[in-house]
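# Structural overview for review
Given next are the chains, with one letter for each unit.
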Amino acid sequence: MTPRTLSGRIVIATHNKGKLAEMRELLAPYGVDATSAGELGLPEPDETGFMFSENAAIKSRAAAAASGLPALADDSGVCVDALDGAPGLFSANWAGPGKNFAPAMARVEEELRKRGATAPEQRRAHFVSALTVTWPDGHEELFEGRVFGTIVWPPRGPRGFGYDPIFLPDGHARTFGEMESHEKHGVPADGSEALSHRARAFQKLASALLAKNRA
Ligand code: IMP
């Protein structure tokens, strides 16, 4: 089978403006013309999967079928070991309909305290990003990225979004909330590994599907 490449017009299967901006930034060097499910007015499918990869595929399949374009979707979250992987798939839900992450972060801390998890080694966590690409003919590819670290309290740093201020990535002295966005999400030009889960998943996608298109 001929290897696939992503080129021309694609749809990013999201209604989230932040995610869309980040994906467009990542795709920019590859000459891909990316519209989004939100911009095309496509309906948002229910995320009924039990894994990040299933939820990403639900989104990319729906967008590819509705638009007739190759579709790229991301599903992500933070998994805390001492909480049996919670909030995990429900990372966005913990912030409620108002998407307020101050109480969501406080809930993580409260649950850790209930379990007596005060030492850094009891507060291990990782972010996961699953990226799926579905073509209109049904062909599909999956790329996953993870970044491991520790939950800190109180939250640190005004940058980023979601759980960034309480996540201290391994080998770093600053939380994601204290880092500039290029430091967290950037893809190093020298080919070394990116830091964030999403950028790591994107590096895999780029080397499989985009490398030949690089301008
Ligand atoms: P999704 O839109 O269903 O993929 O939900 C992802 C949720 O996971 C977000 O709303 C955040 O709560 C959390 N999350 C995913 N990636 C990050 C990140 O890079 N930093 C902080 N929180 C994140």
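Residues numbered from 1 in each chain as written. Predicted model: local features only at pLDDT ≥ 70, side-chain atom pairs only at ≥ 80, totals over all residues. Heavy atoms only, no water.

## Re the overall build of the protein
- Scanning the protein from N- to C-terminus turns up six helices and six strands.
- Traced from its N-terminal end to its C-terminal end, the protein shows the element sequence β-α-β-α-α-β-α-β-β-β-α-α.
- For the protein, whose C-alpha radius of gyration is 17 Å, the value lies close to the compact-globule estimate of 17 Å for 215 residues.
- A principal-axis box enclosing the C-alpha atoms of the protein has dimensions of 50 × 40 × 30 Å. (Helix = DSSP H or I, 4+ residues; strand = E, 2+ residues; numbered from the N terminus. Rg over C-alpha atoms; globule rule 2.2 N^0.38 Å.)

## Focus on the pairing of strand 5 (residues 140-151)
- In this sheet, strand 5 lies alongside strand 4 (residues 124-134) in antiparallel orientation, the contact comprising eleven bridges. Counterpart to Val 128 in the pairing with strand 5 is Arg 146. (Pairing = 2+ DSSP bridges.)

## Digging into the packing of aromatic side chains
- This structure, assessed with the given rule, holds five aromatic pairs.
- Look at Phe 127 and Phe 167: their rings are 4.7 Å apart centre to centre, the planes differ by 65 degrees, and that puts the pair in the edge-to-face class. With Phe 127 in strand 4 and Phe 167 in strand 6 (residues 167-169), the pair connects residues that are 40 residues apart, well separated along the chain.
- In this structure Phe 167 comes out as buried when scored by relative accessible area, which is 0%.
- The ring of Trp 135 carries Arg 4 above its face, with NZ or CZ at 5.2 Å from the centroid.
- Across the ring face of Trp 94, the terminal group of Arg 107 is positioned such that the distance to the ring centre comes to 3.8 Å. (Phe/Tyr/Trp six-rings, centres within 6.5 Å; stacked < 30°, edge-to-face > 60°. Buried < 20%, exposed > 50% of the residue type's maximum accessible area, 1.4 Å probe, protein only. Lys NZ or Arg CZ within 6 Å of the ring centre and 35° of its normal.)

## Here we look at the site of the ligand
- Neighbouring residues of the ligand: 16 residues in total, closest Lys 19, Phe 101, Asp 164, Lys 184 and Arg 198.
- For the ligand, an oxygen atom lies 3.2 Å from a polar atom in the side chain of Asp 75.
- Here a nitrogen atom of the ligand sits 2.9 Å away from a polar atom, N or O, in the side chain of Arg 198.
- Starting from 490 Å² of accessible surface for the ligand in isolation, the protein chains cover 90%.
- Listed by contribution, the elements that provide at least two residues to the shell around the ligand are strand 3 (71-80) and helix 6 (197-210).
- Of all the elements, strand 3 adds the most residues to the shell around the ligand, at three residues.
- When its residues are assigned to classes, the shell around the ligand shows five nonpolar, five polar and six charged. (Near = heavy atom within 4 Å. Polar contact = N/O pair within 3.5 Å; in protein donor to acceptor, adjacent residues only side chain to side chain. Areas by Shrake-Rupley, 256 points an atom, 1.4 Å probe, with all protein chains shown as cover. Nonpolar A, V, L, I, M, F, W, Y, C, P; charged D, E, K, R; others polar.)

## Considerations on the nonpolar core
- Ile 10, Leu 27, Leu 72, Leu 131, Phe 202, Leu 205 and Leu 210 are the most contacted members of the largest nonpolar core, which totals 21 residues.
- Contributions of two or more residues to this core are made by strand 1 (9-12), helix 1 (17-27), strand 4 and helix 6.
- Among the elements that make up this core, the one with the highest residue count is helix 6 (six residues).
- In this structure Leu 27 touches Ile 10, Ile 12, Val 32, Ala 34, Leu 72, Phe 202 and Leu 210, once residues within four positions along its chain are discounted. (Core = buried A, V, L, I, M, F, W, Y, C linked by side-chain atoms within 4.5 Å. Contact = heavy atoms within 4.5 Å.)

## What about the sheet that holds strand 3?
- Taking strand neighbours across the sheet as the criterion, the six strands line up as 2-1-3-4-5-6 in an open arrangement whose pairing is mixed. Each edge of the open sheet carries a strand with a single partner, namely strand 2 (33-36) and strand 6. Between one strand axis and the next, the sheet turns through 35 degrees on average, direction left out of account.
- Across ten bridges, strand 3 lies against strand 4 in antiparallel orientation. Its bridge partner lying in strand 4, Ala 71 is registered against Thr 134.
- Docked against the sheet, helix 3 (residues 52-67) engages strand 1, strand 3, strand 4 and strand 5, running at close to 160 degrees with respect to strand 3. (Axes fitted to C-alpha atoms, helices over the stretch in contact; angles between N-to-C directions.)

## Details of the pattern of salt bridges
- Here the structure, examined in full by the defined rule, presents 19 salt bridges.
- Here Arg 9 makes a salt bridge to Asp 33, at a shortest N to O gap of 3.7 Å. Remark: Asp 33 occurs in strand 2 and Arg 9 occurs in strand 1; sequence separation between them is 24 residues.
- Residue Asp 33 is classed as partly exposed on the basis of its relative accessible area, which comes to 41%.
- Salt bridges here are not isolated pairs; linked through shared partners, they connect Lys 19, Asp 74 and Arg 198. (Salt bridge = Lys/Arg side-chain N within 4 Å of Asp/Glu carboxyl O.)

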